Amino acid sequence: MSDSLNAPEAPQPTGTVPGAGSHHTPGVSVRHTRAKGEPRFPDGPRADPAGSHFERRIRSFQPRRSRVTAGQADALQRLWPKWGLDIDGQRVIDLGELFGNGHPVVLEIGFGMGEATAQMAAEDQGVNILAVDVHTPGQGNLLNLADQQGLSNVRVGNGDAIILLREMLTPDSLDGLRVYFPDPWPKKRHHKRRLIQPEFLDLAATRLKPGATVHCATDWEPYAEQMLAVLEAHPEFENTQADGGFAPRPRYRPLTRFEGQGLDKGHVVNDLLFRRVQHRVRQSEQHRLESPR
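J.: Summarise the overall build of the protein chain; cite the residues concerned and give the values.
T.: Across its full length, the protein chain carries nine helices and ten strands. Buried residues in the protein chain amount to 50% of all 293 residues. Look at the contacts in the protein chain between residues 6 or more apart in sequence, and 80% of them connect residues 24 or more apart. Surface exposure of the protein chain reaches about 14,700 Å², of which carbon and sulfur atoms provide 49%.

J.: Tell me about the pattern of salt bridges, and name the residues and values.
T.: Side chains bearing opposite charge may pair, as long as their charged atoms lie close to each other. Throughout the structure, instances matching the rule amount to eight salt bridges. With its nearest N and O atoms 3.3 Å apart, the salt bridge here joins Asp 175 to Lys 209. One end of the pair, Asp 175, is in strand β7 (residues 174–180); the other, Lys 209, is in strand β8 (residues 208–218), with 34 residues separating them in the sequence. Under the relative-accessibility criterion, Asp 175 is labelled partly exposed at 27%. Residue classification places Lys 209 among the partly exposed residues on the basis of a relative accessible area of 31%. Measuring nitrogen to oxygen at the nearest pair gives 2.8 Å for the salt bridge that ties Asp 271 to Arg 253. Placement of Asp 271 in strand β10 (residues 270–276) and of Arg 253 in the loop between β9 (237–239) and α8 (257–264) is noted, with a sequence separation of 18 residues between them. The two residues Asp 271 and Arg 253 agree in class, both being buried.

J.: Please give an account of the nonpolar core that cites residues and values.
T.: Residues Leu 107, Leu 130, Leu 164, Leu 177 and Phe 200 are the most contacted members of the largest nonpolar core, which totals 40 residues. Examining the composition of this core, we find that six residues originate from one element, helix α5 (residues 161–168), more than from any other. The residues contacting Leu 107, other than those within four sequence positions of it, are Leu 130, Val 132, Leu 164, Leu 165, Leu 174, Gly 176, Leu 177 and Arg 178. One finds Phe 41, Leu 79, Ala 121 and Ile 129 within the second-largest nonpolar core, a separate group that totals 25 residues.

Parameters and conventions
- Residues numbered from 1 in each chain as written.
- Predicted model: local features only at pLDDT ≥ 70, side-chain atom pairs only at ≥ 80, totals over all residues.
- Heavy atoms only, no water.
- Helix = DSSP H or I, 4+ residues; strand = E, 2+ residues; numbered from the N terminus.
- Buried < 20%, exposed > 50% of the residue type's maximum accessible area, 1.4 Å probe, protein only.
- Contact = heavy atoms within 4.5 Å.
- Areas by Shrake-Rupley, 256 points an atom, 1.4 Å probe, with all protein chains shown as cover.
- Salt bridge = Lys/Arg side-chain N within 4 Å of Asp/Glu carboxyl O.
- Core = buried A, V, L, I, M, F, W, Y, C linked by side-chain atoms within 4.5 Å.

Here's what the structure looks like:
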């Protein structure tokens, strides 16, 4: 989902997690030597929140263990109970209760290290962002950024966004969906792992309010073309561009570090902006409404 999910795992220097009785140098990576079965962050995100409760399927992401700095680990320990959400699929979420207000909620799938998410949250604090990823350092970094900037409109989800959408969110509960730079799975045999597929849009459409915006961005042109074709063909979405095709980058989407790296390599970044159409009335229901009383 995020640009960081499939990078090679970095070596992890030995250390301990804040709260375990040792002192840490800020910015120094840590690894806690744990007994078998001991959670990596006792008060933080769980390693596999959904466990084996749901069927195995082809996933669009590949979780990995990676280096966590002392600051990220501290944020995970301190802030996860307050702003974190383990996607276990065992309960339905009341988004108003989760955020403590009735503001619109946008789901962001795959946020990397969270810099762009924090910037968008800071620039529009009337919109709540439920940001989902499986990359532990990114989760800690986003929590840290939200804390440092005093952002109360960010919640960090840990786990599979499909389970979140299918099991934990109610119909018409989301005001927007953002998928920025998902893994393009460039090899043909891996295309089935790409997130933006008809089945995913079928599910997303049930959770998006009419008029909600789906905003995707990618620097992988073949994937951009597939996204466009899939979205154009789906009956529940319409292109916000009058002439069809790709959209200019909206001002609210920051230029990310990952995007900048792609541009430096000569990649072309494409944005797609589609709108959830109004609910279609079934033919039988339409006949009942039109019949004279």
